[in-house]
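# Summary of structural features
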Amino acid sequence: MRTSTRLSPALNVVVQAAQKAGKRLLRDFGEVENLQVTAKGPGDFVSQADLRSEETLRQELGRARPGFAFLMEESGASGEADWEWRWVVDPLDGTSNFLHGIPQWCVSIGIEKRTGENSSELAAGVIYNPASDEMFWAEKGVGAFLNDRRLRVSARRDMREALFATGIPFAAVQRKAEFSTTLARLMPQVAGIRRFGAAALDLAWVAAGRYEGYWELGLKPWDCAAGILLVKEAGGYVTEPEGGEAWSTPTPSGNIVAGNPHLHAVLREAVVEGMTRVASSRSNAAGAPG
């Protein structure tokens, strides 16, 4: 990866940490073909890869900025309760892809700045795919970049030409129903819908103009922190389906709609309709006489 001269000292720390963790993950990824013969099985192997990556990131980031708190996928929140700055870290987003030898996974690191007792903002973010050596990064007010190239969201306006990304829910019944309803509305209108299995990279690809938009419900903060800022700094919109801020304190809802300025509202409307129809159906079913 070519290092950009635009990197601030803080962001340079994040890039170097992501590269170090990514190098170790890439070695583990090379062992995926041997997983079926390991004693503990593939699930344990991937868990260890997650944990090793997280520990590398904790050490590197903590050494560079010892006063920062952490919010990490594996170990949760740590640091001072009244933190001013916080790392929001997913050490391996796209674990199932990683396990199956699919090179669509990444390290995601966001920098969160407290702006009030119950408010914060995303100050910077990095999403690194070691398999393709693509380093997506953004800093508030500076812009979004892929390696050393400036990013802009897609300029497409026609839904018939639009390519959207999403994540298919696999647990909650209501989430599945909402997704299916939204999908049924969108599919006849668009060029295609993709499900690649790594939320952080989906958001990075919206910022890069590869997708016109992306939606998913129930994400965790570490899944989307860096990606939200990337899309915004690339000129796109990221909100909750109802239109509120996608990043809110103390806990983001995890319901995300991201898109270019021309199609974000259309996508948001489709997601809201899916959620509303399912809620109405459940309400009617609950109120029906037995």
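Residues numbered from 1 in each chain as written. Predicted model: local features only at pLDDT ≥ 70, side-chain atom pairs only at ≥ 80, totals over all residues. Heavy atoms only, no water.

## Focus on the overall build of the protein chain
In terms of helices and strands, the protein chain carries seven helices and 13 strands. Scored against the burial criterion, the 290 residues of the protein chain give a buried share of 50%. Expressed as a percentage of contacts within the protein chain between residues at least 6 apart in sequence, the contacts between residues at least 24 apart total 66%. For the protein chain, the accessible area works out to roughly 13,100 Å², and carbon and sulfur atoms hold 50% of it. (Helix = DSSP H or I, 4+ residues; strand = E, 2+ residues; numbered from the N terminus. Buried < 20%, exposed > 50% of the residue type's maximum accessible area, 1.4 Å probe, protein only. Contact = heavy atoms within 4.5 Å. Areas by Shrake-Rupley, 256 points an atom, 1.4 Å probe, with all protein chains shown as cover.)

## Some details on the sheet that holds strand β12 (residues 237–239)
The strand order across the open sheet built from five strands is β10-β9-β11-β13-β12, with neighbouring strands paired in mixed fashion. Edge positions in the open sheet fall to β10 (192–194) and β12, since each of these has one partner strand only. Taking the axes of each pair of neighbouring strands and ignoring which way they run, one obtains an average angle of 15° across the sheet. Note that strand β9 (residues 163–166) and strand β11 (residues 213–216) share three bridges and pair parallel. Looking across to β11, one finds that Thr 166 is bridged to Trp 215. Against the sheet, helix α5 (residues 199–207) touches β9, β11 and β13 (256–259), its axis set at about 155° to β11. Running over the sheet, helix α6 (residues 221–233) touches β12 and β13 and is turned about 140° from β12. (Pairing = 2+ DSSP bridges. Axes fitted to C-alpha atoms, helices over the stretch in contact; angles between N-to-C directions.)

## Quick look at the sheet that holds strand β4 (residues 106–116)
If you trace the eight strands from one edge of the open sheet to the other, you get β2-β1-β3-β4-β5-β6-β7-β8, paired in mixed fashion. Where the open sheet ends on each side, the last strands, each with one partner, are β2 (76–78) and β8 (149–150). Relative to β2, strand β1 (residues 69–72) is paired through three bridges, and the arrangement is antiparallel. Across the sheet, Leu 71 pairs through a bridge with Ala 77, a residue of β2. On top of the sheet, helix α1 (residues 9–29) reaches β3 (85–93), β4, β5 (119–129) and β6 (134–139); it is set at about 40° to β5, its chief contact.

## Some thoughts on α1
Given 3.6 residues to a turn, an α-helix orients residues that are three or four positions apart in the same direction. The end-to-end C-alpha distance of α1, which contains 21 residues, comes to 30 Å, matching closely the 30 Å that a straight helix rising 1.5 Å per residue would cover. Buried within α1 we find Leu 11, Val 13, Val 14, Val 15, Ala 17, Ala 18, Ala 21, Gly 22, Leu 25, Asp 28 and Phe 29. (Expected span 1.5 Å × (residues − 1).)

## Concerning the nonpolar core
Core analysis: the largest hydrophobic core is formed by 39 residues, its most contacted members being Ile 127, Phe 136, Leu 151, Tyr 214, Ile 228, Leu 230 and Ile 256. Those elements that place two or more of their residues in this core are β5, β6, β7 (143–146), α5, α6 and β13. When neighbours within four sequence positions are excluded, Ile 127 is seen to be in contact with Cys 106, Val 107, Ser 108, Glu 134, Met 135, Phe 136, Ala 200, Leu 201, Ala 204, Ala 226, Gly 227 and Leu 230. (Core = buried A, V, L, I, M, F, W, Y, C linked by side-chain atoms within 4.5 Å.)

## What about the confidence of the model for the protein chain?
For the protein chain, the mean per-residue pLDDT works out to 89, and 88% of the residues sit at or above 70. In this model, residues 36–40 is a region of pLDDT below 50 whose contacts with residues beyond four sequence positions or in other chains number one contact. (pLDDT = per-residue confidence, 0-100.)

## With respect to α6
Between the first and last C-alpha of α6 there are 18 Å, a value that for 13 residues agrees with the 18 Å anticipated at 1.5 Å per step. Most of α6 sits inside the fold, with 12 of its 13 residues counted as buried. Considered for burial, the residues of α6 that qualify are Pro 221, Trp 222, Asp 223, Cys 224, Ala 225, Ala 226, Gly 227, Ile 228, Leu 229, Leu 230, Val 231 and Glu 233.

## Considerations on unusual backbone geometry
Of note, the phi angle at Asp 133 is positive, near 55°, even though the residue is not glycine. Relative to the helices and strands, Asp 133 resides in the loop between β5 and β6. With a phi angle near 55°, Asn 147 is a residue other than glycine that sits in the positive phi range. If you trace the backbone, Asn 147 turns up in the loop between β7 and β8.

## Structural notes on the packing of aromatic side chains
All chains considered together, the criterion is met by nine aromatic pairs. Ring centres of Phe 68 and Trp 87 lie 4.8 Å apart, and the angle between their planes is 40°; this geometry places the pair in the tilted category. Here Trp 87 lies in strand β3 and Phe 68 lies in the loop between α2 (42–64) and β1, a separation of 19 residues in the sequence. By relative accessible area, Phe 68 is classed as buried at 15%. Note on Phe 179 and Trp 215: the rings are 6.2 Å apart at their centroids and 25° apart in plane angle, and the pair reads as stacked. (Phe/Tyr/Trp six-rings, centres within 6.5 Å; stacked < 30°, edge-to-face > 60°.)

## Let's talk about the packing of α5 against α6
In helix packing, the relevant descriptors are the interaxial angle and the interaxial distance, both defined with respect to the helix axes. At a minimum axis separation of 8 Å, α5 and α6 run at an interaxial angle of 0°. The angle between α5 and α6 falls in the class roughly parallel. Taking contact as the criterion, the partners of Ala 199, Ala 200, Leu 203, Ala 204, Val 206 and Ala 207 in α5 are, on α6, Asp 223, Cys 224, Gly 227, Ile 228, Leu 230 and Val 231. Class assignment of the residues belonging to the contact of α5 with α6 gives a composition of 10 nonpolar, one polar and one charged. (Parallel < 35°, antiparallel > 145°, perpendicular 65-115°, else oblique. Nonpolar A, V, L, I, M, F, W, Y, C, P; charged D, E, K, R; others polar.)

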